[in-house]
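Chain and residue survey
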Amino acid sequence: MGVTVTYLSLIVLIPLAAMFVRSLGDGPAHFLSVATDPRTLAALRLSFGGALIAALINLVMGMLVAWVLVRYPFPGKRLLDAAVDLPFALPTAVAGITLTALFAGDGWIGQFLEPLGLQVAFTPVGVVVAMVFIGLPFVVRTVEPVLADFEKEVEEAAATLGASRLQTVVRVILPSILPAALTGFALAFARAVGEYGSVIFIAGNMPYQSEIAPLLIVIRLEEFDYSGAAAVGVLMLLGAFLLLLLINLLQAWSRSYERR
Amino acid sequence: MIATVTPAANALPAPRRATREGQGVRWLLTTIAVLFLLGFLVLPLIAVFVEALRAGWDTYVAAILEPDALAAIRLTLLVAAIAVPVNLVFGLCASWAIAKFDFPGKSVLITLIDLPFSVSPVISGLVWVLLFGTSGLLGPFLAPLGIKIVFAVPGIVLATIFVTFPFIARELIPLMAEQGREAEEAAVSLGASGWQTFRLVTLPNVKWGLLYGVLLCNARAMGEFGAVSVVSGHIRGLTNTMPLHIEILYNEYQSAAAFAVASLLALLGLVTLVIKTVLEWRYGAELAATRRH
Amino acid sequence: MTITVKGVAKEFGGFRAVDDLDLVIHQGELVALLGPSGSGKTTLLRIIAGLEFPDRGQVLFNGDDATARAVGERAVGFVFQHYALFRHMTVFENIAFGLRVKPRAQRPTRAAIAERVGELLRLVQLEGMAHRYPTQLSGGQRQRVALARALAIEPRVLLLDEPFGALDAQVRKDLRRWLRRLHQEMGLTSVFVTHDQEEALELADRVVVMNKGRIEQIGAPAEIYDRPANPFVYEFLGQVNRVPYRGEGNTARVLGRSFALEGAAGDGIAYVRPEEIEISREPRPDSVPALVRHVTALGPVIRIDLDLEGSDPVEVSLPPARWRDLCVAKGDAVHLRPANVRIFPAA
């Protein structure tokens, strides 16, 4: 136990504390100037906004995929189910260059989107695509077990009471899987906010447009503006913390029936 | 009220069961899900290998046997060989302490263990630079001693340990908690020492979960990009891991070479996925508690 | 409503759950489907509800073919074994569900729904519980919520699947009496499934004994218990002694007594209920000697296990008063005489 606590403080607490201390290293004024710099704000907006959109897409698609994987038989289902974990297993840099190759103007997918006027690679859209990819398993994996354990009788009860299938799904099943889905949403969101490897290749990294916050940290570091880098890091942590708190509250509300 | 449908003996046009959707809806949803998964998961995986072999087999082999690439492979293996065992020991200690004992601050500890999952990898790298960099908090003291951590191998190892340490602990905590304390108390009451109890009772009970955790930990350790990128300094042949090498090649427009190295990592990911899936299919019940993460 | 089941059959992957079955349930009746697990009783109930569809045969409601009608259109109230309450809804919302999902044109107003739910809560004696969640209720209370929810849609028939299966013995007893009263007051055609013979006999107007997807016997509780149609029913309902006999011409001797074999000569098995065997200290005409092996006091009855020469052991039960008069104990020699025997010749 002593070992555990010691190790954790060495590996986690001290470094994080160092970041907070260092963010104020060049005085509060510098911190403020970084925090209000339009470039910082644009980067944070892209990281958080993109993560939110990606997590929302994953919320909807994740529930749909989990539903299909649990409920409907189709050939190759077990393989596809196993493949859901691919974003966990595939190194982010590999995912990054591959997604870029796929969505570039001459890529397998990009060549069909480009004529439609939809440019994905090297734009904020590309950032969202990469974030969807790396967050995809979370909602699926949190919703799947809940859906699999869902009692069939409860659905039948709704049907005997005259509910249509749509009413049963919307009023009975959805509220039951919502807490799990929100957990997955929160995890996908947290992952996407901080994501670096899979995003920077496809993002294009134009300041004010397609530059994500983690990249800005790297850039500040390369300029030896350590306190600036730390400041962006602190802002990211605070933002993520606030949003996760919000999601936790939402979750507590959605499963209030369990605790009362 | 309702017309008689069919004589009793005939097969009936069975109406839709109460818990099923219409054929059309099922078909539509399945199609959307399958297309989504194919497009987002399977297609990228195929693309890695196609891109890697686009310039031919010889180019592929050359890209991998190139000295800088070999150095990167060696470094990646070295880092994983250090980070995984260290986190294995830590994971066992932490999960054992958390699952078997009650102590103040336990929930804080659990939250801390999860922290690296919710922190950006770039921040995970940044903190080490801030701590040990030349103008960092501790750097100035270490530099005169000739100890170089950031932009060197130790930094890469530290950053990798940081981002990968939740994997094993998180797999083991629910497993150990579920198994409870009875079996161990029984062993102790039969005269087993603490170490014997751990080796003969605790460990066998969690071995598949442990393997599973090690697997995920290893995959992440070899594939980590963001954190390592920040602390490495990108010195070719010296502090370049495979993911960093991919980035350099890609930015130099050596696309085929980049994908060649990437295909090795993708293979690693695939193997991880396959073993993981096999473990889940075979020991699904044992691992069930840990499947969500 | 009268329910007619005509030639219904249902297979699950080669297993015949319900096998060519006919049954009529009359208006206002309370019918029990009784049988061991796997006898097809729950499948039959689900087919009546429209939760399963038969491979063959018809289900008629008041003479109309309902076989192809979906469950939602049948207006049946179904109470599930494990209640199947909506966990994320309060008691009020659970009961109101059936009213709230009605098509807009038929949906009662908010006030009407509240009033109806209030009525039902009074009916199931759960006033004041409206805003609790199912997880905050006891098993018996959940069961009553499930019942109120089923009744909310004013069903034409009430179907209950093992309604007391998951409850404690005492709660089960209370709820049984309460359900019986409720049925008398409302007169709603009701069918319930059970594997508990006591429950079936106490509660039902008529009992349908099922085995292997077929009906073994239909009848009033007393009829089923006193005159079982076949060995299965005999063994399934209550305790019984199986006594193999040898046929001698037109008669058979069972535990000392001779019985006429009507038409079916030969060997067979006789069934004698433990409470239908007389026991005495002295030998009587037609009695056989036996040795007391064990006496068990079970409260309202005393069970005596006896060894017989040249026959399997026999079980006899007595009221405690009679046992005290007799004063038998382990090791005593006594004499037995069957008062009532049912004979089933070997096929």
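Our structure is the block above this text.
A brief structural summary. (Residues numbered from 1 in each chain as written. Chains lettered and ligands numbered in written order. Predicted model: local features only at pLDDT ≥ 70, side-chain atom pairs only at ≥ 80, totals over all residues. Heavy atoms only, no water.)

What about the pattern of salt bridges?
Filter applied, for reference: By definition here, a salt bridge exists when the distance from a side-chain nitrogen of Lys or Arg to a carboxyl oxygen of Asp or Glu is within 4 Å. Helix and strand assignments come from DSSP, with helices taken as H or I runs of at least 4 residues and strands as E runs of at least 2, each series counted from the N terminus. Here's how the labels work: a residue is buried when its accessible area is under 20% of the maximum for its type, exposed when over 50%, partly exposed in between, all with a 1.4 Å probe on protein chains only.
In total, this model carries 35 salt bridges over all chains according to the counting rule given. Across the pair E199 of chain C and R176 of chain C runs a salt bridge whose closest N-O atoms are separated by 3.5 Å. Here E199 of chain C is found in helix α6 (residues 197-203), whereas its partner R176 of chain C is found in helix α5 (residues 169-186), with 23 residues between them in sequence. Accessibility classification places E199 of chain C together with R176 of chain C in one group, the buried group. Residues participating in the shared-partner salt-bridge network are D81, D85, R141 and E144 of chain A together with K276 and E280 of chain B.

What about the pairing of strand β14 (residues 257-260) of chain C?
Residues and elements named next belong to chain C. The test is simple: Strand pairing is defined by DSSP finding a minimum of two bridges between the two strands.
Because side chains alternate across β14, one face comprises the buried residues R257 and F259, and the other comprises S258 and A260, none of which is buried. Two elements, strand β13 (residues 251-254) and β14, share 4 bridges in a ladder whose sense is antiparallel. Opposite T251, over in β14, you have A260 as the bridge partner. Connecting the antiparallel pair β13 and β14 is a turn made up of 2 residues, with L255 showing a positive phi of about 50°.

Concerning unusual backbone geometry
At N205 of chain A, a residue that is not glycine, the phi angle is positive and equals roughly 55°. Examined against the element boundaries, N205 of chain A turns out to sit in the loop between α11 (197-203) and α12 (213-222). N205 of chain A sits in the partly exposed class, given a relative accessible area of 26%. One non-glycine residue, N62 of chain C, adopts positive backbone phi at about 50°. Within the secondary structure layout, N62 of chain C lies in the loop between β4 (56-61) and β5 (64-65). You can call N62 of chain C partly exposed: its relative accessible area is 48%.

As for the interface of chain A and chain B
Applied cut-off: Residues count as neighbours in contact if any of their non-hydrogen atoms are within 4.5 Å of one another. Defined here as a combined quantity, buried area equals the accessible surface (1.4 Å probe) lost by two parts on assembly, summed across both. Here a polar contact means two N or O atoms within 3.5 Å. Within protein one must be a hydrogen donor candidate and the other an acceptor candidate, and residues neighboring in sequence count only if both atoms are side-chain atoms. Any residue that is not Ala, Val, Leu, Ile, Met, Phe, Trp, Tyr, Cys, Pro, Asp, Glu, Lys or Arg is counted as polar, Gly included; the first ten are nonpolar and the last four charged.
Residue-level contacts link 75 residues of chain A with 80 residues of chain B. Taking both partners together, chain A and chain B bury about 7200 Å²; carbon and sulfur atoms supply 80% of that area. Connecting chain A to chain B are 2 salt bridges. A salt bridge links E21 of chain B to R165 of chain A, with the nearest nitrogen and oxygen atoms 2.7 Å apart. Linking chain A to chain B there are 4 residue pairs in polar contact (both at pLDDT 80 or more). For the side of chain A that touches chain B, the element with the highest residue contribution is helix α1 (residues 2-23) of chain A, accounting for 14 residues. Counted by class, the side of chain A that touches chain B contains 59 nonpolar, 7 polar and 9 charged residues.

What to know about the nonpolar core
Defined as follows: Nonpolar cores are built from buried Ala, Val, Leu, Ile, Met, Phe, Trp, Tyr and Cys residues. Side-chain atoms within 4.5 Å join them into one set.
Membership of the largest hydrophobic core comes to 208 residues, with the highest contact counts inside it found for M19 and F103 of chain A together with I3, L44, F97 and L159 of chain C. The element contributing the most residues to this core is helix α3 (residues 38-71) of chain A, with 16 residues. Leaving out residues up to four positions away in the same chain, F103 of chain A has contacts with I109, G110, L113, V120, A121, V129 and I202 of chain A. In terms of nonpolar packing, the next biggest core, distinct from the first, is built from 46 residues, L30, L34, V117 and L121 of chain C among them.

A few points about the sheet that holds β5 of chain C
Residues and elements named next belong to chain C. One open sheet holds the 4 strands; their spatial order is β2-β1-β4-β5, and the pairing between them is antiparallel. If you trace the sheet from one side to the other, it starts and ends with β2 (15-25) and β5, each paired once. Pairing geometry for strand β1 (residues 3-12) and β2, over 7 bridges, is antiparallel. Each bridged residue has a counterpart across the sheet, and for E11 the counterpart in β2 is R16.

Read these as layout, nothing more, since geometry by itself doesn't imply function.
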